[in-house]
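Residue strings, one per chain:
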Amino acid sequence: MTSKNPEASRNATRMPARRAAGRLPFLLPLFVLAASAAGAGPIEIIDLAGSIPGNALIQPRGVAVDGSGNVYVAGGFRSNNVFKITPAGVITEIIDDTGDGAGNSLLEPSDLAADASGNVYVTGAGSSNVFEITAGGVITEIIDDTGDGLGNSLSVPRGVAVDASGNVYVTGVITDNAFEITPGGVITEIIDSTGDGGVNPLDQPFGIAVDGSGNVYVAGRGSNNVFEITPGGGDHRDHRQHRRRPGQLGHRAPGRRGRRIRKRLRGGSLQ
């Protein structure tokens, strides 16, 4: 995992040959809509053209908004990129399929999250990784398919969320788990296919969210359930930790997560 500061010219003037208009016949344009300030109905803020010329938006999936009103949208597996749209309407491609530009590519971006500092997080479902893009444009891969580096791998990440402290949470659909990545780079698996460790398993987790108290919620698409993972309390597993820094793989720090997992049932009760 490495990081770089992308060139300032990564904007509407950039036109990679692989994204020339001739490569995009037959594809249907998809749109991101926002309510207009005048309340007159929805307005289109970006379309297939993306950041003209050359950087197209195809099959957009994830969308997020930061505290300043900037909108971020992920283009699917045909464009493999993320755009930022400012309140003034300026459109900028902030990452493409080259990822961090150091060999860690971004393929099939799926979900986005933005924190209070303007940092953006994007999952690469096809590349099995997550990138952080800072407000200053520095791109860093914060987790890859090795997961926590201790045997708990990450495959096809879909959902991503970030809390007020800058902790990032991501789900792995194929690996049936979720990870927490701290601002310091400590990676911890916080739930796996055993779910709550009892009779309630977790299968194909997609969506993930975190509240102001640090409680994490994970939706199991295949198991038709939702788990709440609370900070503190005793977990049924001994979660070891793995600190990862750009360019430094394999550093491991033993530890214990200390989260409690509960299955949220219908009617708001907890098991």
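Here the structure is a predicted model, which means the values were calculated and not measured.

Teacher, can you tell me more about the overall build of the chain here?
Check the secondary structure of the chain and you find zero helices and 20 strands. Taking all 271 residues of the chain together, 49% fall into the buried category. For the chain, long-range pairs separated by at least 24 residues make up 49% of all intrachain contacts whose partners lie at least 6 apart in sequence. Element-wise, carbon and sulfur atoms account for 53% of the exposed surface of the chain, whose accessible area totals about 11800 Å².

What is the right way to look at the pattern of salt bridges in this model?
Under the criterion given, the structure shown has two salt bridges. Across the pair E108 and R61 runs a salt bridge whose closest N-O atoms are separated by 2.9 Å. Note that E108 is positioned in the loop between strand 7 (91-95) and strand 8 (109-114) and R61 in the loop between strand 3 (42-46) and strand 4 (63-65), a separation of 47 residues in sequence. R61 gets classed as partly exposed once you look at its relative accessible area, which sits at 37%. The residue E108 makes a salt bridge to R158 at a minimum N-O spacing of 3.4 Å. Note that E108 is positioned in the loop between strand 7 and strand 8 and R158 in strand 12 (residues 157-162), a separation of 50 residues in sequence. Classification of R158 as buried rests on a relative accessible area of 17%. Residues joined in a network through salt bridges with shared partners are R61, E108 and R158.

Even after reading the chapter, I still don't get the confidence of the model for the chain, so can you show me in this structure?
Detailed reading of predicted coordinates is not advised where the pLDDT is low. When pLDDT is averaged across the chain, the result is 78; 70% of the residues are at 70 or more. Across residues 1-34, confidence stays below pLDDT 50; counting only partners more than four residues off in sequence or on other chains, it has 103 contacts. Long-range and interchain partners of residues 233-258, a stretch whose pLDDT sits below 50, account for 81 contacts in this model, where long-range means more than four residues apart.

Help me out: how do you make sense of the sheet that holds strand 4 in this one?
Picture the strands of a sheet paired through backbone hydrogen bonds; they go either parallel or antiparallel. Strands sit in the order 4-5-6-7 across an open sheet of four strands; the sheet is antiparallel. Because the sheet does not close on itself, it has two edges, and the strands there are strand 4 and strand 7. Across this sheet, the average inter-strand angle for adjacent strands is 25 degrees, counted without regard to direction. Of the strand pairs in this sheet, strand 4 and strand 5 (residues 71-75) are connected by three bridges, and their pairing is antiparallel. Along strand 5, the bridge assignment pairs V63 with V73.

Explain unusual backbone geometry to me, please; I cannot follow it from the model alone.
What you tend to see is this: most non-glycine residues have negative phi, and most peptide bonds are trans. Residue S128 is not a glycine yet carries a positive backbone phi of 50 degrees. Relative to the elements of secondary structure, S128 occurs in the loop between strand 9 (120-124) and strand 10 (129-133). The phi torsion at Q204 lies on the positive side, around 50 degrees, for a residue other than glycine. Mapped onto the secondary structure, Q204 falls in the loop between strand 15 (186-191) and strand 16 (205-210).

Looking at this structure, I do not really get the pairing of strand 18 (residues 225-231). What am I missing?
Each regular strand shows side chains that alternate between the opposite faces of the sheet. The element strand 18 is largely enclosed, with a buried count of five among its seven residues. Sheet topology places strand 17 (residues 216-220) next to strand 18; five bridges connect them, and they run antiparallel. The partner of Y217 across the bridge, within strand 18, is E228.

Where do I start with the environment of D211 in this structure?
In this structure, D211 sits in the loop between strand 16 and strand 17. A C-alpha to C-alpha distance of 8.8 Å links D211 and A164, two positions 47 residues apart in sequence. At a separation of 2.9 Å, a polar atom in the side chain of D211 contacts the main-chain amide nitrogen of S213.

Just checking my understanding: could you explain the pairing of strand 14 (residues 177-181) for this structure?
Taken across its five residues, strand 14 has five buried, putting it largely inside the fold. In strand 14, alternate side chains face the same way, and those of N177, F179 and I181 on one face and A178 and E180 on the other are all buried. Where strand 13 (residues 168-172) meets strand 14, five bridges bridge the pair, whose relative direction is antiparallel. By the bridge assignment for strand 14, T171 is matched with A178.

Hey, could you run me through the side chain of S110 in this one?
Here S110 is to be found in strand 8. Overall, the relative accessible area of 12% leaves S110 in the buried class. In this view, S110 contacts R61, G62, T123, A125, P157 and R158; residues no more than four positions away in its chain are not counted.

Rules of the game
Residues numbered from 1 in each chain as written. Predicted model: local features only at pLDDT ≥ 70, side-chain atom pairs only at ≥ 80, totals over all residues. Heavy atoms only, no water. Helix = DSSP H or I, 4+ residues; strand = E, 2+ residues; numbered from the N terminus. Buried < 20%, exposed > 50% of the residue type's maximum accessible area, 1.4 Å probe, protein only. Contact = heavy atoms within 4.5 Å. Areas by Shrake-Rupley, 256 points an atom, 1.4 Å probe, with all protein chains shown as cover. Salt bridge = Lys/Arg side-chain N within 4 Å of Asp/Glu carboxyl O. pLDDT = per-residue confidence, 0-100. Pairing = 2+ DSSP bridges. Axes fitted to C-alpha atoms, helices over the stretch in contact; angles between N-to-C directions. Polar contact = N/O pair within 3.5 Å; in protein donor to acceptor, adjacent residues only side chain to side chain.

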